[in-house]
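Next come the chains, spelled out residue by residue.
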Amino acid sequence: MAVLLLCTGTQAFAAAKTTITVSKVTAEAGKSISVPITDSGNTGICGAELTVSYDKALTLTGVSNGTGFASLTLTKPGNLNANPVNLLWDGTEADHSNGTIATLTFKAPSANGVYNIAISYLDGEIVDGDIQPVAVNVVNGSITVEGKDKVTNVFSDVVQGEWYVNAVQYVYDNGIMSGSNGLFKPMADITRAQVVATLYKLEGQPAVDNYAAVNVLKDVQAGQWYTDAICWAYNT
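Residues numbered from 1 in each chain as written. Predicted model: local features only at pLDDT ≥ 70, side-chain atom pairs only at ≥ 80, totals over all residues. Heavy atoms only, no water.

## Quick notes on the overall build of the protein chain
Secondary structure assignment for the protein chain yields five helices and twelve strands. Relative to its length of 236 residues, the protein chain is extended, with a C-alpha radius of gyration of 27 Å against a globular reference of 18 Å. For the protein chain, the C-alpha atoms occupy an extent of roughly 85 × 45 × 30 Å along the three principal directions. Burial statistics for the protein chain: of 236 residues in total, 37% are counted as buried. Residue pairs in contact within the protein chain that sit at least 24 positions apart in sequence constitute 71% of those at least 6 positions apart. Surface summary for the protein chain: the accessible area is close to 13,100 Å², and the carbon and sulfur share equals 50%. Averaging the coordinates of the 12 positive side-chain charges in the protein chain and doing the same for the 21 negative ones gives two points 12 Å apart. (Helix = DSSP H or I, 4+ residues; strand = E, 2+ residues; numbered from the N terminus. Rg over C-alpha atoms; globule rule 2.2 N^0.38 Å. Buried < 20%, exposed > 50% of the residue type's maximum accessible area, 1.4 Å probe, protein only. Contact = heavy atoms within 4.5 Å. Areas by Shrake-Rupley, 256 points an atom, 1.4 Å probe, with all protein chains shown as cover. Lys, Arg positive; Asp, Glu negative; His and termini not counted. Charge placed at Lys NZ, Arg CZ, Asp CG, Glu CD.)

Structure, rendered in C-alpha cells:
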C-alpha cells in the first residue's frame, strides 16, 4: 500500500481498537439487497485495505462509498465477479469519522438460507496518520434469504399437494388474489366481477378516466372494489 505514505500526522494509534462490521440483513429470494460495512470507535485511520469474501451463491452487483472514512478516497474493485474482492481507502491525513464506509449490493439467491460475508486484512494494511499499523476488530455479516409465506400456511383451505397450490402461490405472491379471512376458497364459484378484477390486476391496474359503465350497467355501483376493473374492461 505505497499510496499510504502520503499520510502525515503527529500521533500514532498502533494499539487502537476500531471495529469494522459487516451488517446482517434479510433479503427476499432473488431480489437485490444492500449490505453496509460500518466502522465505529475510529481513533484515526489514514489508509486501509480490506478483503471481502462472500458465499459463492451470492452475486455482487455494486460497491458504493458512505459517510464513514469521509476524507478518504475509496478505490472500488475493478472486477465485481472476483471473489474475494479488495476495497482500498487512502488519504493525506488520518480520518476519525464513523459510519458506513462502504455498501455492498448483492443479488440474493433463490434458495432460502443464511449466506455469509466476511472481511479480513493483513498486518500493516490499516494504518494511522503516522503510517503505524492500527489493530481493528472485525465483525462478519450475512444475508438471510427468506421466501414469501407459503399459501398452505396462509390459507387454511389450501392443501399441500393439491393441483392448484402452485397457481395459488403465484397469484398470492404477485398480489393478483389475496383471499379473505384466512380462506382462498379454491373450489368456490367465481363471479364475473372477480374474473375482471383478476384481469385488471394482470394488466397493472391502468388508470380509469371513463366511468360510463356505472351508468350503462345497472348492477355496477360506483366506489366498489370491482368498479375500476369493470369500467376498464367496458372501455377496453
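After that view, the rundown keeps rolling.
## Observations concerning the nonpolar core
Ile37, Leu87, Trp89, Leu104, Phe106, Ile117 and Ile143 are the most contacted members of the largest nonpolar core, which has 34 residues in total. Here the element with the most residues in this core is strand β4 (residues 45-54); it accounts for five residues. Each residue touching Phe106, except ones within four places of it in the same chain, is listed here: Lys31, Ser32, Ile33, Val35, Tyr54, Leu58, Thr59, Leu60, Thr61, Ile117 and Ile143. One finds Ala193, Ala213, Ile230 and Trp232 within the second-largest nonpolar core, a separate group that totals twelve residues. (Core = buried A, V, L, I, M, F, W, Y, C linked by side-chain atoms within 4.5 Å.)

## A closer look at the packing of helix α3 (residues 192-202) against helix α5 (residues 227-235)
Working note: a packed helix pair is described by the angle between its axes plus the distance between those axes. Here α3 crosses α5 at 80°, and the two axes come no closer than 8 Å. It follows from the interaxial angle that α3 and α5 lie roughly perpendicular. On the side of α3, the interface is formed by Ala193, Val196, Ala197, Leu199 and Tyr200, while α5 contributes Asp228, Ala229, Ile230, Trp232 and Ala233. Partitioned by chemical class, the residues of the contact of α3 with α5 number nine nonpolar, no polar and one charged. (Axes fitted to C-alpha atoms, helices over the stretch in contact; angles between N-to-C directions. Parallel < 35°, antiparallel > 145°, perpendicular 65-115°, else oblique. Nonpolar A, V, L, I, M, F, W, Y, C, P; charged D, E, K, R; others polar.)

## Here we look at the packing of aromatic side chains
Counted by the stated rule, this structure contains seven aromatic pairs. Plain terms: the ring middles of Phe69 and Trp89 are 5.4 Å apart, the flat faces sit at 85° to each other, and that makes the pair edge-to-face. Here the residue Phe69 occupies a position in the loop between β5 (59-65) and β6 (73-75), and Trp89 occupies one in strand β7 (residues 85-95), the gap between them amounting to 20 residues. Residue Trp89 is classed as buried on the basis of its relative accessible area, which comes to 1%. (Phe/Tyr/Trp six-rings, centres within 6.5 Å; stacked < 30°, edge-to-face > 60°.)

## A few points about unusual backbone geometry
Looking along the chain, the bond that leaves Asn83 and enters Pro84 is cis, with omega of 15°. Positive phi values are uncommon outside glycine, yet Ile131 reaches one of about 60°. Mapped onto the fold, Ile131 is located in the loop between β10 (126-127) and β11 (135-139). Phi angles above zero are rare outside glycine, and Lys185 is one such case at about 55°. Along the chain, Lys185 turns up in the loop between α2 (165-173) and α3.

## Examining the pairing of strand β2 (residues 24-28)
Burial along β2 is one-sided: Val25 and Ala27 are buried, while Lys24, Thr26 and Glu28, pointing the other way, are not. As paired elements, β2 and strand β12 (residues 141-146) share five bridges and run parallel to each other. Looking at the pairing, Lys24 lines up with Ser142 of β12. (Pairing = 2+ DSSP bridges.)

## Digging into the sheet that holds strand β1 (residues 17-22)
Read across the open sheet, the five strands follow the order β5-β8-β3-β1-β11; overall the sheet is mixed. What marks the edges here is a single partner per strand, and that holds for β5 and β11. Taking the axes of each pair of neighbouring strands and ignoring which way they run, one obtains an average angle of 20° across the sheet. Sheet topology places β1 next to β11; five bridges connect them, and they run parallel.

Honestly, it's all geometry; don't read function into it.
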